[in-house]
Amino acid sequence: MPEPPVNGAYMIAAYVVAAVILLSYFGSLVRRAGKVRSEK
Amino acid sequence: MTAVGSPPSLDRARAVIRRGTALSLVALLGIAGVYVVALAFTPIEAHQGLAQKIFYIHVPAAWSALLAFSLVGIASVLYLWLEDPRLDLFAASSAEVGVAFSAVMLTTGPIWAKPIWGTWWTWDARLTLTLFLFFLFVGYLSLRTAVHDRHERARFSAVVGIMGMLLVPFVHLSVYLFRTLHPQPIVLKPSAPSLPWEMLRTLLLSVLMFTLLYLGLLTMRYGLGLAAEAREQRDA
């Protein structure tokens, strides 16, 4: 069995980028929801 | 859901937003769990190494994006038929969430491609069609902000939404229809999935959590749309 290539940095980068995009979008919806909550 | 024709109330919108927020939080926790399972409890693929684990977020993001865009198309067809404004709001919400998932798909894909293909991007059929689909739905969202009459906005964007939906099967089948570098499907294909169980389990868990997140974000965005409608009708 050959040794797997060493490319963990790409994996970490992809996981971080995905988390940043999804949390940013969720955060933007939460901010907009906050405005609706405080509306009279 | 409110009855057809009756104006949505702000309280109703707030309740929908609360449900969406709760569902999204559960899904985000589930995705955090998927990260742990993928990184610590799923074997490393022998030829691609750790970069193969990008697959556990790239594929579910692609699935959620294509699901979102397909539902935009279905809701758009139904809108043109029934002219129920809730269908237009659903389509707009699903398009926005789909664009977010597409952004994940279109960024994680090149990060995987660099170590495996030796290049960040190549203009092959799957990648190019996926990028066009993303641009089409960014255009869909721009169109919605440009047209102020709500009936015209709903009709014009329904047509664009249907065009987008028609691209979805081409995106999925592009790896069979054209000569492409992109890997062929290993789960959604006529024969059984060609993936060891430990990897398939992680992928299915991730698909489940991403689908839940799609539903959560969609519900939140739908609730925000209801709130905007309630505000418009109050101020009119």
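A brief report on the enclosed structure follows. (Residues numbered from 1 in each chain as written. Chains lettered and ligands numbered in written order. Predicted model: local features only at pLDDT ≥ 70, side-chain atom pairs only at ≥ 80, totals over all residues. Heavy atoms only, no water.)

### Quick notes on the overall build of chain B
Thought 1: What chain B contains, in helices and strands, is 6 helices and 0 strands.
Thought 2: Beginning at the N terminus, the succession of helices and strands in chain B can be written as α-α-α-α-α-α.
Thought 3: For 236 residues, the compact-globule formula gives about 18 Å, and the C-alpha radius of gyration of chain B, at 19 Å, lands near that figure.
Thought 4: When the backbone C-alpha atoms are referred to their principal axes, chain B occupies close to 65 × 35 × 30 Å.
Thought 5: Out of the 236 residues belonging to chain B, those deemed buried represent 50%.
Thought 6: Across chain B, every contact between residues at least 6 apart in sequence was considered, and the portion connecting residues at least 24 apart equals 76%.
Thought 7: The average position of the 18 basic charges and that of the 13 acidic charges among the side chains of chain B differ by 6 Å. (Helix = DSSP H or I, 4+ residues; strand = E, 2+ residues; numbered from the N terminus. Rg over C-alpha atoms; globule rule 2.2 N^0.38 Å. Buried < 20%, exposed > 50% of the residue type's maximum accessible area, 1.4 Å probe, protein only. Contact = heavy atoms within 4.5 Å. Lys, Arg positive; Asp, Glu negative; His and termini not counted. Charge placed at Lys NZ, Arg CZ, Asp CG, Glu CD.)

### Here's the deal with the layout of surface pockets
Empty pockets left among the atoms are what a rolling probe the size of a water molecule brings to light.
Residue and element names in this part refer to chain B.
Thought 1: The computed volume of the largest pocket comes to approximately 1100 Å³.
Thought 2: What lines the largest pocket is a set of 40 residues, among which His58, Val59, Ala62, Arg126 and His182 lie closest to the centre.
Thought 3: Here the lining of the largest pocket takes 8 residues from helix 2 (residues 55–82), the largest share from any one element.
Thought 4: Taken together, the residues that form the lining of the largest pocket break down as 28 nonpolar, 10 polar and 2 charged. (1 Å grid on protein atoms, 1.4 Å probe; cavity = no way out; pocket = protein on both sides within 12 Å on 5 of 7 lines; lining within 4 Å. Points joined across faces, edges and corners; volume = space filled by probe spheres on them. Nonpolar A, V, L, I, M, F, W, Y, C, P; charged D, E, K, R; others polar.)

### Examining the pattern of salt bridges
Residue and element names in this part refer to chain B.
Thought 1: According to the stated counting rule, one finds 9 salt bridges over all chains in the structure shown.
Thought 2: Notably, a salt bridge pairs Asp11 with Arg14, separated by 3.1 Å at the nearest N-O pair. You can see Asp11 and its partner Arg14 sitting in helix 1 (residues 10–40), 3 residues apart, about one turn around the helix.
Thought 3: By relative accessible area, Arg14 is classed as buried at 16%.
Thought 4: Here Arg234 and Asp235 are joined by a salt bridge, their closest N and O atoms 3.4 Å apart. (Salt bridge = Lys/Arg side-chain N within 4 Å of Asp/Glu carboxyl O.)

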